[in-house]
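Next come the chains, spelled out residue by residue.
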Amino acid sequence: MSDIDPGQVALVVVLALVLVFVVVALVRAVRIVPQAVAMIVERLGRYNKTLDAGLHLLIPFVDRVRASVDLREQVVSFPPQPVITSDNLVVSIDTVIYFQVTSPKDAVYEIANYITGIEQLTVTTLRNVIGSMDLEQTLTSRDQINGQLRGVLDEATGKWGIRVNRVELKAIDPPASVQGSMEQQMRAERDRRAAILTAEGVKQSQILTAEGEKQAAILRAEGEAQSAILRAEGESRAILQVFDAVHRGDADPKLLAYQYLQMLPKVASSPSNKLWFLPAELSGALGWLSKGFAGGGEGDGDRYRTRPAGDSPLAADDLPPVTLKDPGEALEEARRESAAATADATSAGTLTGLRFDPDAERGQRPGVDRPQGSGSGSGDGPAAPGGGVPAGA
């Protein structure tokens, strides 16, 4: 221990202190500022400068960093605040503020805590804005409220070096009793709209059904009238042609008597017949038949006078012209009318707004199997437009 020189020890201690001082000075003198961050530097307690991103040298023990300010846009969500509307209802409003520091010096020296300042300013401004609105306006005027809040906050925070970019209302919660009343009101409104739409649908359906029944009745009546006319014309033509054929064939009483004899077995064919009804002229016709075969007297010739064979009281122009249409033309016309009626019904059916269902008319197309129990007939013509009943069915 006697070999240690006190002077050398003191020198080592001094060198160590100097080294520590140099290291501390370098640490305090060199500042690396990250991107989007600003540092406020004070010299001897007074504002000196603002350091931007990069490497900076300070005077050790003279300059010091007062604060580090984030220059990025910040998002702050404030807790729900109770606010009273103009109709004396308390609603809870949750807000979100988007802001950005534009002047780090003002943000540090003009206000102690700008986050707290923005929160309190938002609450007071929100109460002023909502206090002039009723509950319904508050719930439906979010954009208007956001715009008013942003304008007031941006103007008030400008001297703090802060720019408010956006203000959003996250939630507006009315009281539970009011929420129940609102739900009942909305449910009643939806029920009213549903009832109106249902009534409109029923009305439209009944109108379309009545229109379809009207068209069907008209077409059915027209078809029956045409059928009756054609049937009457055919029977009239047949009667005239039979009448003309009888007279041209010289149907004398002999032939009539023979026809009577042929009809008698048919009249007596039923075992339940107990009484026969014979024409009044049957005895005269039978007498003429017997005299004709036996060569009756000349005095009877006036009673059964005959005309020459081939003579007919009808002239050639007395028969009415044939008005029956060709079967092919009649079928084509019926198909066209059916196709037109089906197109009208289909176009009217589209007014209901229902989409076309191919399964509903599947059994009415030729060549397609119908489901069991289907009572609709299958036509030979092509399918009618719009997927309805085929023409000519």
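Residues numbered from 1 in each chain as written. Predicted model: local features only at pLDDT ≥ 70, side-chain atom pairs only at ≥ 80, totals over all residues. Heavy atoms only, no water.

Here we look at the pairing of strand β6 (residues 74–84)
Phase 1: Sheet analysis places β6 next to strand β7 (residues 90–101), joined by nine bridges and oriented antiparallel. Bridge pairing in β7 links Q74 to F99.
Phase 2: Between the end of β6 and the start of β7, which pair antiparallel, lie five residues, with N88 showing a positive phi angle near 60°. (Pairing = 2+ DSSP bridges. Helix = DSSP H or I, 4+ residues; strand = E, 2+ residues; numbered from the N terminus.)

A closer look at the pattern of salt bridges
Phase 1: Following the criterion strictly, the structure yields eight salt bridges and no others.
Phase 2: Its salt-bridge partner being R64, residue E42 comes within 3.2 Å of it at the nearest N-O pair. Taken as a pair, E42 in strand β2 (residues 37–43) and R64 in strand β5 (residues 63–70) lie far apart in primary sequence, 22 residues in all.
Phase 3: Given a relative accessible area of 3%, E42 falls into the buried group.
Phase 4: Here R64 falls in the partly exposed class, since its relative accessible area comes to 42%.
Phase 5: The salt bridge involving K170 is made with D94; its shortest N-O contact spans 3.4 Å. Here K170 is found in strand β8 (residues 162–173), whereas its partner D94 is found in strand β7, with 76 residues between them in sequence.
Phase 6: Judged by relative accessible area, which is 13%, D94 ranks as buried.
Phase 7: Ionic contacts of the salt-bridge type, sharing partners, join the residues E42, R64 and R66 into one network. (Salt bridge = Lys/Arg side-chain N within 4 Å of Asp/Glu carboxyl O. Buried < 20%, exposed > 50% of the residue type's maximum accessible area, 1.4 Å probe, protein only.)

Observations concerning the nonpolar core
Generally speaking, soluble globular proteins have nonpolar side chains that are buried together.
Phase 1: By size, the foremost hydrophobic cluster in this structure holds 31 residues, and its most contacted members are I93, I97, F99, L126 and I145.
Phase 2: Of all the elements, helix α3 (residues 114–131) adds the most residues to this core, at six residues.
Phase 3: Contact partners of F99, with chain neighbours within four places excluded, come to R72, E73, Q74, V76, Y114, I115, I118, I162, R163, V164 and N165.
Phase 4: Counting six residues, the second largest nonpolar core, distinct from the first, contains V37, M39, V41 and L51. (Core = buried A, V, L, I, M, F, W, Y, C linked by side-chain atoms within 4.5 Å. Contact = heavy atoms within 4.5 Å.)

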